[in-house]
Amino acid sequence: MKVLVIGSGAREHALCRSLSLDPDVTALYCAPGNAGIAEVAELHPVDALDGAAVSALAVRLGAELVVVGPEAPLVAGVADAVREAGIPVFGPSREAAQLEGSKAFAKDVMAAAGVPTARSYVCTTEAEVDEALDAFGPPYVVKDDGLAAGKGVVVTSDAAAAKAHAAACERVVIEEFLDGPEVSLFAVTDGETVVPLQPAQDFKRALDGDEGPNTGGMGAYSPLPWADPKLVDEVMETVLQPTVDEMRRRGTPFSGLLYAGLAITGRGVRVIEFNARFGDPETQVVLARLKTPLAGVLLGAANGTLADLEPLRWSGDAAVTVVIASHNYPGTPRTGDPITGLDEVAALDAPHAYVLHAGTGRNGGSVVSAGGRVLSVTATGADLVEARDRAYRAVARIGLDGSQHRTDIAAKAAGA
Ligand code: AMP
Ligand code: GLY
């Protein structure tokens with residue numbers, strides 16, 4: 001099978017790495033990709049938001065499966081364009097991607113499907129904002145309605161800061177504060193059959209101890225030794241299947257990856273958000289543990305044949321990923337700095353630890369930073385302690401001037 005992956009981050013590197021290890025994959029392409037992905041896939045330049053350009057590329061390459069990684073192309077309808085060209089595509093339609101593209105739309109679907117989530121108000125005026133903030137009280141949760149790369153949410157006990165964020169957005173969702181640990185659970189679906197993957201936990205804040213601003217994600221681990229073993233079954237029954245069924249009922253079936261961001265509260269599981277794609281950095285740890293070859297799973301979702309898929313097989317290993325980010329991320333990151341130590345990790349730590357590239361490029365012979373999140377250093381081990389040790393040992397070999405990373409990824413879960 002010839003597979004084309006669209007995107008250029010660590011999630012796409014993780015997808016390409018798994019696909020490159022799948023014996024059914026005869027050719028692997030990525031567009032536009034990055035310096036790390038170039039080692040496992042043939043790169044092609046493309047504007048990932050341009051459906052006509054992506055489908056033309058897929059046709060030209062003879063792709064038999066296109067995997068759309070990030071949310072922006074999905075919301076722009078890139079999967080629709082590829083599907084119209086007659087090529088199976090892993091990723092929802094523009095309409096179904098509204099589950100991520102609009103928080104208000106997601107709330108409406110959840111209400112109709114009876115999916116447990118935070119109570120909320122959609123507000124467009126200052127008066128509505130004031131009323132909603134008063135109704136819930138602190139801590140306040142104010143979310144930009146549209147796509148914001150994980151940075152549109154403000155959680156604060158400062159009413160003035162909550163109002164300022166609302167005023168800076170056109171439309172916001174203001175909701176009840178959910179207390180409790182967060183879990184990311186991904187499911188692959190063809191619009192009808194839903195196949196859950198293994199849960200992971202992401203670290204959204206920039207600094208150790210969950211301090212600092214929200215980011216796209218600074219690290220992740222899987223499995224979650226502290227979670228109820230029945231969690232996946234419960235979320236399947238109360239969240240994933242009802243949501244997929246409701247989307248089909250509306251005439252906008254959701255196929256691809258349904259990402260449930262959950263809070264495990266004292267009153268039960270609640271959905272914090274849906275995403276319409278694999279999460280980053282959770283994908284890095286979930287795929288590190290998936291033993292079933294990936295291409296057939298994604299093709300089953302694209303073709304509507306997931307009901308025929310054998311149950312997924314998982315490694316008993318644990319996996320940890322640590323994100324190395326640029327100076328000043330999540331503000332305006334500094335780019336163009338040389339990265340050192342990549343060869344040492346490949347020589348000394350493989351196959352248990354490896355570097356997935358997020359925002360990198362080439363400058364002459366050297367690999368340089370090209371984005372906010374630069375690398376996602378991933379490792380597996382018999383348990384979280386070993387996976388963590390290996391990941392941080394590899395992180396220590398990497399040099400990037402001014403870079404930052406959290407030192408407490410998976411620390412609590414590993415009992416460290
Ligand atoms: P989101 O973009 O919706 O995932 O929100 C980003 C982060 O904000 C989440 O991972 C949570 O840490 C936090 N958050 C979002 N909604 C809530 C909520 N209702 N209560 C508490 N924290 C929240
Ligand atoms: N890990 C958060 C996200 O992918 O949105």
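Every value quoted in this text rests on a predicted model; they were computed, and no experiment measured them. (Residues numbered from 1 in each chain as written. Chains lettered and ligands numbered in written order. Predicted model: local features only at pLDDT ≥ 70, side-chain atom pairs only at ≥ 80, totals over all residues. Heavy atoms only, no water.)

Asks: Report on the site of ligand 2, specifying residues and quantitative values.
Replies: In the vicinity of ligand 2, the residues found are D202, K204, G216, Y259, N275, R277, G279, D280, P281 and E282. One of the side-chain N or O atoms of R277 is found 2.8 Å from an oxygen atom in ligand 2. Relative to its unbound accessible area of 200 Å², ligand 2 is 91% covered by the protein chains. Within the shell around ligand 2, the residues separate by chemical class into 2 nonpolar, 3 polar and 5 charged. (Near = heavy atom within 4 Å. Polar contact = N/O pair within 3.5 Å; in protein donor to acceptor, adjacent residues only side chain to side chain. Areas by Shrake-Rupley, 256 points an atom, 1.4 Å probe, with all protein chains shown as cover. Nonpolar A, V, L, I, M, F, W, Y, C, P; charged D, E, K, R; others polar.)

Asks: I'd like a description of the side chain of K107, backed by residues and values.
Replies: Along the chain, the position of K107 falls in helix α6 (residues 103-113). The class for K107 is buried, based on a relative accessible area of 12%. Engagement of the side chain of K107 in a polar contact is seen with the backbone oxygen of A118, the distance being 2.8 Å. Each residue touching K107, except ones within four places of it in the same chain, is listed here: T117, A118, S120, V173 and E175. (Helix = DSSP H or I, 4+ residues; strand = E, 2+ residues; numbered from the N terminus. Buried < 20%, exposed > 50% of the residue type's maximum accessible area, 1.4 Å probe, protein only. Contact = heavy atoms within 4.5 Å.)

Asks: Can you explain the site of ligand 1? Please cite residues and give values.
Replies: Surveying the vicinity of ligand 1 reveals 14 residues, the closest of which are E175, L178, E182, K204 and E273. The backbone of E176 places a nitrogen or oxygen atom 2.9 Å from a nitrogen atom of ligand 1. Protein contact buries 93% of the 470 Å² of open area that ligand 1 shows by itself. Listed by contribution, the elements that provide at least two residues to the shell around ligand 1 are β7 (140-144), β8 (153-156) and β17 (268-275). Per-class residue counts for the shell around ligand 1 are 6 nonpolar, 1 polar and 7 charged.

Asks: Tell me about the packing of α6 against helix α9 (residues 231-249), and name the residues and values.
Replies: Viewed as axis vectors pointing N to C, α6 and α9 meet at an angle of 105 degrees, and their least axial separation amounts to 9 Å. Our classification of the angle between α6 and α9 gives roughly perpendicular. Of the residues in α9, those in contact with F105, V109, A112 and A113 of α6 are P242, T243, E246 and M247. (Axes fitted to C-alpha atoms, helices over the stretch in contact; angles between N-to-C directions. Parallel < 35°, antiparallel > 145°, perpendicular 65-115°, else oblique.)

Asks: Go over the pattern of salt bridges, please, and point to the residues and values.
Replies: Taken as a whole and judged by the stated rule, the model has 22 salt bridges. Of the charged contacts, one joins R277 and E71 as a salt bridge, the two residues approaching to 2.9 Å between their closest N and O atoms. Here the residue R277 occupies a position in the loop between β17 and α10 (282-289), and E71 occupies one in helix α3 (residues 71-75), the gap between them amounting to 206 residues. A relative accessible area of 12% places R277 in the buried class. A residue is classified by how much of its surface remains accessible, and E71, at 15% relative accessible area, is buried. One network of salt bridges, with partners in common, ties together D108, E246, R249 and R250. (Salt bridge = Lys/Arg side-chain N within 4 Å of Asp/Glu carboxyl O.)

Asks: Can you lay out a negative patch on the surface for me, pointing to particular residues and giving the numbers?
Replies: Residues D228, D233, E234 and E237 make up a contiguous surface patch of negative charge. Within the secondary structure layout, D228 lies in the loop between β15 (219-222) and α9. We classify D228 as partly exposed; its relative accessible area is 41%. (Patch = residues over 30% accessible without salt bridge, like charges linked within 9 Å, V, L, I, M, F, W, Y side chains within 5 Å. Lys, Arg positive; Asp, Glu negative; His and termini not counted. Charge placed at Lys NZ, Arg CZ, Asp CG, Glu CD.)

Asks: Quick one: what's the story with the packing of helix α1 (residues 10-20) against α10, residue by residue and with numbers?
Replies: For the pair α1 and α10, the least separation of the axes is 8 Å and the interaxial angle reads 15 degrees. By the angle between their axes, α1 is roughly parallel relative to α10. As for the relative orientation of α1 and α10, their crossing is left-handed in sense. Contact residues: A10, R11, A14, L15 and S18 in α1; T283, Q284 and L287 in α10. (Left-handed = near helix turned anticlockwise from the far one by under 90°.)

Asks: Please provide a residue-by-residue account of the layout of surface pockets, values included.
Replies: Here the second largest pocket defines a volume of roughly 510 Å³. What lines the second largest pocket is a set of 25 residues, and nearest its centre among them are E39, L342, A346, V355 and H357. Of the residues in the lining of the second largest pocket, the class split is 13 nonpolar, 7 polar and 5 charged. (1 Å grid on protein atoms, 1.4 Å probe; cavity = no way out; pocket = protein on both sides within 12 Å on 5 of 7 lines; lining within 4 Å. Points joined across faces, edges and corners; volume = space filled by probe spheres on them.)

Asks: Which residues make up the sheet that holds β8, and what values go with them?
Replies: If you trace the 4 strands from one edge of the open sheet to the other, you get β6-β9-β7-β8, paired in antiparallel fashion. Each of the sheet's edge strands pairs with one partner strand only, and the pair in question is β6 (120-123) and β8. The mean angle between the axes of side-by-side strands here comes to 20 degrees, regardless of whether they run parallel or antiparallel. Note that β7 and strand β9 (residues 172-175) share 4 bridges and pair antiparallel. Across the sheet, residue V141 finds its bridge partner in β9, namely E175. (Pairing = 2+ DSSP bridges.)

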